[in-house]
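Tertiary structure, described
The primary structure of each chain is shown beneath.
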Amino acid sequence: PKPRPGQLEPNEYVERSRRLNQNDLESIPAFLVAGLLFVLSGPPLIVAQVLIWTYVGARAAHFLAYVTAQLHDIRATFWSVSSIAVLGMVGYTIAQIAFK
């Protein structure tokens, strides 16, 4: 009934957590779909390990960079690395389908 001044203003900690969650919701489902199709295409073990662990490591580094409020350039670099890993999975899967 009697809100204190500033009570309805955005809280930076909450907003950062919300943005981090939204970023994960944009990235992880695409990885899960691409990863499932990639694994079903039967890649060599080393290729699968490199691409999947690259994605996992880059996303973990992105999470740490986001939580610790690093520069956008640092976060963008980790995001780009994870995206390249997913694109590698997609490219491999498409190549397997196209050239069978």
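In what follows, the structure referred to is the one given above.
All residue numbers here refer to positions counted from 1 along the written sequence of the relevant chain. Local features are withheld for residues below a pLDDT of 70 in this predicted model, meaning they are given only at 70 or higher, and side-chain atom pairs are given and counted only at 80 or more; totals for whole chains, interfaces and linings count all residues. Note that the side-chain values use all heavy atoms of the structure and ignore hydrogens as well as water.

What follows covers the overall build of the chain. Comment: elements are numbered from the N terminus, with helices defined as DSSP H or I runs of at least four residues and strands as E runs of at least two. Within the chain, the secondary structure is distributed over three helices and zero strands. Reading the secondary structure of the chain in the N-to-C direction produces α-α-α. Based on C-alpha atoms, the radius of gyration is set beside the globule rule, defined as 2.2 Å times the residue count to the power 0.38. Relative to the 2.2 N^0.38 estimate, which gives 13 Å for 100 residues, the radius of gyration of the chain is 18 Å and therefore markedly larger than a compact globule would have. Note on exposure labels: buried denotes an accessible area under 20% of the residue type's maximum, exposed denotes more than 50%, and partly exposed covers the range between, all computed with a 1.4 Å probe on protein chains only. Burial status across the chain gives 25% buried among its 100 residues. Nonlocal contacts in the chain, meaning residues at least 24 apart in sequence, comprise 70% of its contacts between residues at least 6 apart. Surface exposure of the chain reaches about 7200 Å², of which carbon and sulfur atoms provide 70%. Each charge class in the chain can be summarised by its mean position, and for the 8 positive and 6 negative side chains these summaries are 4 Å apart. Two residues form a contact once any of their heavy atoms are found within 4.5 Å. Here the accessible surface of atoms and residues is derived via Shrake-Rupley with a 1.4 Å probe, and residues count as covered only by protein chains that are part of the display. Under this rule, positive means Lys or Arg and negative means Asp or Glu; His and the chain ends count for nothing. By convention, charge coordinates are those of NZ in Lys, CZ in Arg, CG in Asp, or CD in Glu.

Moving on, we get to the side chain of R16. Within the element layout of this structure, R16 appears in helix 1 (residues 12–40). From its side chain, R16 meets the backbone oxygen of Y66 in a polar contact 3.1 Å long. In contact with R16, not counting residues within four places along its chain, are Y66, V67 and A69. As used in this structure description, the phrase polar contact means that two N or O atoms lie within 3.5 Å; if the pair is within protein, one of them must be able to donate a hydrogen and the other to accept it, and residues adjacent in sequence are counted only when both atoms belong to side chains.

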